[in-house]
Amino acid sequence: MPSRAATEPLWDFAALVAASGGTADGAAATAVTGFSIDTRTLSPGDVFVALKDQRDGHEFVTTAFERGAAAALVSNSYQRKSSDGALVRVADPLEGLRGIGAAARGRLAPDARVIAVTGSAGKTGTTAMLRACLAVAGPTHAPEKSYNNHWGVPLTLARMPGASKFAVIEIGMNHADEIRPLVKLARPHVSIVTNVLPVHVGNFADGEIGVANAKAEIFEGLQPGGIALILRDNPHYELLRSKALASGAAVRTFGMSIEADARGDVADGAGDTQRVTAHVQGATGVRDITYALGIPGEHIAVNSLAVALALGAWVLPGTLLWLAWGRARSVRRATQVLSTSRFCRPVIRLLSSRSPMPGVLPTVARPLRLRRPHPSPAPRGPGVHRPLRP
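Residues numbered from 1 in each chain as written. Predicted model: local features only at pLDDT ≥ 70, side-chain atom pairs only at ≥ 80, totals over all residues. Heavy atoms only, no water.

### Brief notes about the overall build of the protein
Line of reasoning, step 1. Each helix and strand in the protein was counted, giving 12 helices and 15 strands.
Line of reasoning, step 2. Taking contacts inside the protein between residues at least 6 apart in sequence as the whole, the part at least 24 apart equals 62%. (Helix = DSSP H or I, 4+ residues; strand = E, 2+ residues; numbered from the N terminus. Contact = heavy atoms within 4.5 Å.)

### Observations concerning helix 7 (residues 208-215)
Line of reasoning, step 1. Burial in helix 7 covers these residues: Gly-210, Val-211, Ala-212, Ala-214 and Lys-215.
Line of reasoning, step 2. The inward-facing, buried residues of helix 7 abut strand 6 (113-118), helix 6 (179-186), strand 9 (190-193) and helix 8 (237-246). (Buried < 20%, exposed > 50% of the residue type's maximum accessible area, 1.4 Å probe, protein only.)

### As for the packing of aromatic side chains
To describe a pair of aromatic rings, one takes the distance between the centres and the angle between the planes.
Line of reasoning, step 1. Within the structure shown, the criterion is met by 1 aromatic pair.
Line of reasoning, step 2. With centroids separated by 5.4 Å and ring planes inclined at 55°, the aromatic side chains of Tyr-147 and Trp-151 adopt a geometry described as tilted.
Line of reasoning, step 3. The positively charged end of Arg-107 is found above the aromatic ring belonging to Trp-11, 3.9 Å away from the centroid. (Phe/Tyr/Trp six-rings, centres within 6.5 Å; stacked < 30°, edge-to-face > 60°. Lys NZ or Arg CZ within 6 Å of the ring centre and 35° of its normal.)

### Here we look at unusual backbone geometry
For residues that are not glycine, phi is negative in most cases, and the peptide bond is trans in most cases.
Line of reasoning, step 1. At Arg-187, a residue that is not glycine, the phi angle is positive and equals roughly 45°.
Line of reasoning, step 2. Residue placement: Arg-187 occurs in the loop between helix 6 and strand 9.
Line of reasoning, step 3. The phi dihedral of His-200 is positive, around 65°, even though this residue is not glycine.
Line of reasoning, step 4. Structurally, His-200 can be placed in the loop between strand 9 and helix 7.

### Some remarks on the pairing of strand 10 (residues 227-231)
Line of reasoning, step 1. Counting buried positions over the 5 residues of strand 10 gives 5, a clear majority of the element.
Line of reasoning, step 2. In strand 10, alternate side chains face the same way, and those of Ile-227, Leu-229 and Leu-231 on one face and Ala-228 and Ile-230 on the other are all buried.
Line of reasoning, step 3. For strand 9 and strand 10, the ladder comprises 4 bridges, and the chain directions are parallel. Looking across to strand 10, one finds that Ser-191 is bridged to Ala-228.
Line of reasoning, step 4. After leaving strand 9, the chain enters helix 7 and then returns to the sheet as strand 10, a path that is right-handed.
Line of reasoning, step 5. In the classification by handedness, the crossover that spans strand 10, the intervening helix 8 and the parallel strand 11 (residues 250-254) is right-handed. (Pairing = 2+ DSSP bridges. Right-handed = clockwise from strand over helix to strand, strands pointing away.)

### Thoughts on helix 4 (residues 123-137)
Side chains of residues three or four places apart in an α-helix project in the same direction, reflecting 3.6 residues per turn.
Line of reasoning, step 1. Helix length check: helix 4 (15 residues) gives 22 Å between terminal C-alpha atoms against 21 Å at 1.5 Å per residue, within 8%.
Line of reasoning, step 2. The buried fraction of helix 4 is high, at 13 of 15 residues. (Expected span 1.5 Å × (residues − 1).)

### Quick look at the packing of helix 7 against helix 8
Line of reasoning, step 1. Relative orientation of the contacting elements helix 7 and helix 8 amounts to 30°, with a least axis distance of 9 Å. Overall, the two elements helix 7 and helix 8 adopt an arrangement that is roughly parallel. Between helix 7 and helix 8 lies a crossing of right-handed hand. Of the residues in helix 8, those in contact with Ile-209, Ala-212 and Asn-213 of helix 7 are Leu-239, Leu-240 and Lys-243.
Line of reasoning, step 2. Among the residues making up the contact of helix 7 with helix 8, the classes are represented as 4 nonpolar, 1 polar and 1 charged. (Axes fitted to C-alpha atoms, helices over the stretch in contact; angles between N-to-C directions. Parallel < 35°, antiparallel > 145°, perpendicular 65-115°, else oblique. Left-handed = near helix turned anticlockwise from the far one by under 90°. Nonpolar A, V, L, I, M, F, W, Y, C, P; charged D, E, K, R; others polar.)

### Side note on the sheet that holds strand 5 (residues 86-90)
Line of reasoning, step 1. As summarised here, the arrangement of the 5 strands in space is 1-5-4-3-2, forming an open sheet in which the pairing is mixed. Each end of this open sheet is capped by a strand with a single partner; those strands are strand 1 (23-25) and strand 2 (34-36). Averaged over all neighbouring strand pairs, the angle between strand axes comes to 25°, with direction disregarded.
Line of reasoning, step 2. Pairing analysis gives 3 bridges linking strand 3 (residues 46-49) to strand 4 (residues 71-75), with the strands arranged parallel. Its bridge partner being in strand 4, Val-49 is matched across the sheet by Leu-73.
Line of reasoning, step 3. Strands in contact with helix 1 (residues 13-20) are strand 1, strand 2, strand 3, strand 4 and strand 5; relative to strand 5, the strand with the most contacts, it is inclined by about 20°.
Line of reasoning, step 4. The strands touched by helix 3 (residues 93-106) are strand 2, strand 3, strand 4 and strand 5; relative to strand 4, the strand with the most contacts, the crossing angle is about 125°.

### Here we look at the pattern of salt bridges
Line of reasoning, step 1. The full count for this structure, using the stated rule, is 12 salt bridges.
Line of reasoning, step 2. A salt bridge links Arg-80 to Asp-25; the shortest N-O distance between them is 3.1 Å. Of the two residues, Arg-80 is situated in the loop between strand 4 and strand 5 and Asp-25 in strand 1; the sequence distance between them amounts to 55 residues.
Line of reasoning, step 3. Taking relative accessible area as the criterion, Asp-25 reaches 24% and is therefore assigned partly exposed.
Line of reasoning, step 4. Note that Glu-259 is salt-bridged to Arg-232, the shortest N-O span being 2.6 Å. Taken together, the residues span a long stretch of sequence, with Glu-259 in the loop between strand 11 and strand 12 (262-268) and Arg-232 in the loop between strand 10 and helix 8 at a distance of 27 residues.
Line of reasoning, step 5. Taking the relative accessible area as the measure of exposure, Glu-259 reaches 52% and is therefore exposed.
Line of reasoning, step 6. Look at the salt bridges and you will find they share partners, linking Asp-177, Arg-180, Glu-217 and Glu-220 into a network. (Salt bridge = Lys/Arg side-chain N within 4 Å of Asp/Glu carboxyl O.)

### Here we look at the nonpolar core
Line of reasoning, step 1. Of all hydrophobic cores here, the largest spans 57 residues; its most connected members are Trp-11, Phe-35 and Phe-219.
Line of reasoning, step 2. At 5 residues, the largest contribution of residues to this core is made by helix 6.
Line of reasoning, step 3. If you look at the next biggest cluster of nonpolar residues, it comprises 34 residues, including Leu-231, Ala-278, Tyr-291 and Val-302. (Core = buried A, V, L, I, M, F, W, Y, C linked by side-chain atoms within 4.5 Å.)

### Some details on the side chain of Arg-105
Line of reasoning, step 1. With respect to the secondary-structure elements, Arg-105 resides in helix 3.
Line of reasoning, step 2. The buried charged residue Arg-105 lacks any salt bridge partner; its closest oppositely charged side chain belongs to Asp-111, at an N-O distance of 9.7 Å. (Lys, Arg positive; Asp, Glu negative; His and termini not counted.)

### Regarding the environment of Val-74
Line of reasoning, step 1. Structurally, Val-74 can be placed in strand 4.
Line of reasoning, step 2. Using a relative accessible area of 0% as the deciding quantity, one classes Val-74 as buried.
Line of reasoning, step 3. On a C-alpha basis, the gap between Val-74 and Arg-89 in space is 5.2 Å, while along the polypeptide they are 15 residues apart.
Line of reasoning, step 4. Filtering out sequence-adjacent residues up to four positions away, Val-74 remains in contact with Ala-50, His-58, Val-61, Leu-87, Val-88, Arg-89, Val-90 and Pro-93.

Spelled out as structure tokens, the structure:
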């Protein structure tokens, strides 16, 4: 992911104004190198987007310019202050940001590839794994944080350099019809549903079925010939599969089931690491790859199978997958979840700092129960290998 402190221009100011659907009030004095919705984290060269949430972002426009903003995206009714710089006036800053995000997606090269990720749990970790591998193959863009809501997805897209070869877009939801408009902005080639769990069920009259239907909205924005990657071991698999097929997607599966297109064996590694051997059914047949994950947990191992499936069969060509998995473990800081023990500690802190959602932890975040060697049959390899449990 490009640095937030990047100095290369991200947008031509005139193109940005056109994408927003607004009008320019002044000209940017500096190059546009990013976007921000928070003056506390704004970097010089950012466009400040004055969104309304708990506070009205218009109250902080002048502060944004004091901190080096190149411009501000504001509503038409905003009253300019004497120290304000270039303004981009729109009817609604959020809609203006959505327009910029759509234009950013549209300027990617035809051979660029976009992956969208949703699920009740595991979205951020899966996004991090994808980013770590794809960055080995070319310029890769992904959200800085869990920016997966109605403003987070447009913001992530707006920050995407036009030269990006790959993009990973995380998309979340609390209610029905929230993923649909966001995935139509992202227009992915691959959509992944990590799982469906009893999260946000109170927002749906039909409970978990409603959650599954809402998650399935991620297939509606797939590009022609797109791929839907679905957890095979989920009770809502058939519902998700039918929705994906109705959207014209090809369906591929991952998980612990023998029927999954990507399944795996896990072994204990050094420290808190685990080693996964993935059996991946791709365009040229089944291939086995072994890689290290820097944190324990079967849910992490299972989601890594979705990553392997996406990379090996439909995103990265041929042997580049094996190069990506091999090199990702030695790329400092970029590895995030894919790592050896040398890099795993920051990931553990990252995930443990996030509050677990009610009902998810007992179901998803189970630590691996490492089994000891049994005299018959003998364990395979240097560790104690076992299939991922159904």
